[in-house]
Amino acid sequence: MSQTTLSTVLGIDTCRTVAFGAIGATYIPIGAQIENAGRMILIQNWTDADLWFSDNGVDDKIPLRANDKIILDITTNQSFSRGLFLPYGSYLYVKQKTVPSLGEVHVTLFYGE
């Protein structure tokens, strides 16, 4: 990844998935730690329940209705030395707002190279 120039290549991280049965009343991490500085995030709630998402596993930050999605465009096409990024080593978390009975949650992270 270039540290000083604008990114010209979009990298797509491996999709992180959590099945409905693992989503409970307390936050759980969605997949592995983030290994690339996230510029865009696609969160897909393919369950039949409303869910909460968080970046710290404590505070309710993003509610997402059943069978909905959100794209967070944090820093498209910015150099690594400026802008906002989802930091290395962090996690995204999910918990139920209502109880899911089918489906899964998917999170895909996009980064610049």
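Residues numbered from 1 in each chain as written. Predicted model: local features only at pLDDT ≥ 70, side-chain atom pairs only at ≥ 80, totals over all residues. Heavy atoms only, no water.

Trainee: Explain the pattern of salt bridges to me, and be specific about the residues and the numbers.
Mentor: Using the criterion set out here, one finds 3 salt bridges in the structure. Linking Arg16 and Asp13 is a salt bridge whose minimum nitrogen-to-oxygen distance equals 3.3 Å. The same class applies to Arg16 and to Asp13, which are both buried. A salt bridge links Lys95 to Asp60; the shortest N-O distance between them is 3.1 Å. Here Lys95, found in strand β8 (residues 93–96), pairs with Asp60, found in the loop between β5 (51–54) and β6 (62–64); they are 35 residues apart in sequence, far enough to count as distant. A residue is classified by how much of its surface remains accessible, and Asp60, at 37% relative accessible area, is partly exposed. (Salt bridge = Lys/Arg side-chain N within 4 Å of Asp/Glu carboxyl O. Buried < 20%, exposed > 50% of the residue type's maximum accessible area, 1.4 Å probe, protein only. Helix = DSSP H or I, 4+ residues; strand = E, 2+ residues; numbered from the N terminus.)

Trainee: I'd like a description of empty space enclosed by the protein, backed by residues and values.
Mentor: On inspection of all chains with the given rule, the structure shows 1 cavity of 30 Å³ or more. Estimated volume of the largest cavity: approximately 30 Å³. Around the largest cavity, the lining residues are Arg16, Ile30, Ile34, Leu92, Val107 and Leu109. Here the residues of the lining of the largest cavity sort into 5 nonpolar, no polar and 1 charged. (1 Å grid on protein atoms, 1.4 Å probe; cavity = no way out; pocket = protein on both sides within 12 Å on 5 of 7 lines; lining within 4 Å. Points joined across faces, edges and corners; volume = space filled by probe spheres on them. Nonpolar A, V, L, I, M, F, W, Y, C, P; charged D, E, K, R; others polar.)

Trainee: Pulling in residues and values, what's your account of the nonpolar core?
Mentor: Ile30, Ile41, Leu51, Phe53, Val94, Val105 and Val107 are the most contacted members of the largest nonpolar core, which totals 16 residues. At the level of secondary structure, the elements contributing two or more residues to this core comprise β4 (40–45), β5 and β9 (104–112). For this core, the element with the most residues is β9, which contributes 3 residues. Contacts of Leu51, omitting those with residues within four sequence positions, involve Ile23, Asn45, Ile62, Pro63, Leu64, Val94, Lys95, Gln96, Lys97, Thr98 and Val105. (Core = buried A, V, L, I, M, F, W, Y, C linked by side-chain atoms within 4.5 Å. Contact = heavy atoms within 4.5 Å.)

Trainee: How would you summarise the side chain of Asn36 if you had to cite specific residues and measurements?
Mentor: You can see Asn36 is positioned in the loop between β3 (28–29) and β4. For Asn36, a relative accessible area of 17% translates into the label buried. In this structure Asn36 touches Asp13, Leu86, Tyr88, Leu109 and Tyr111, once residues within four positions along its chain are discounted.

Trainee: Break down the confidence of the model for the chain for me, citing the residues and quoting the values.
Mentor: Overall, the predicted model of the chain reaches an average pLDDT of 87, with 85% of residues at or above 70. Under a pLDDT of 50 for its full length, residues 1–5 has, in the predicted model, 11 contacts with residues more than four places off or in other chains. (pLDDT = per-residue confidence, 0-100.)

Trainee: Mind laying out the sheet that holds β3, listing which residues take part and the relevant values?
Mentor: If you trace the 4 strands from one edge of the open sheet to the other, you get β3-β8-β5-β6, paired in antiparallel fashion. In the strand order of this sheet, the two ends are held by β3 and β6, each with one partner. When β5 meets β8, the two strands line up antiparallel, connected through 4 bridges. Bridge assignment links Trp52 to a residue of β8, and that residue is Lys95. (Pairing = 2+ DSSP bridges.)

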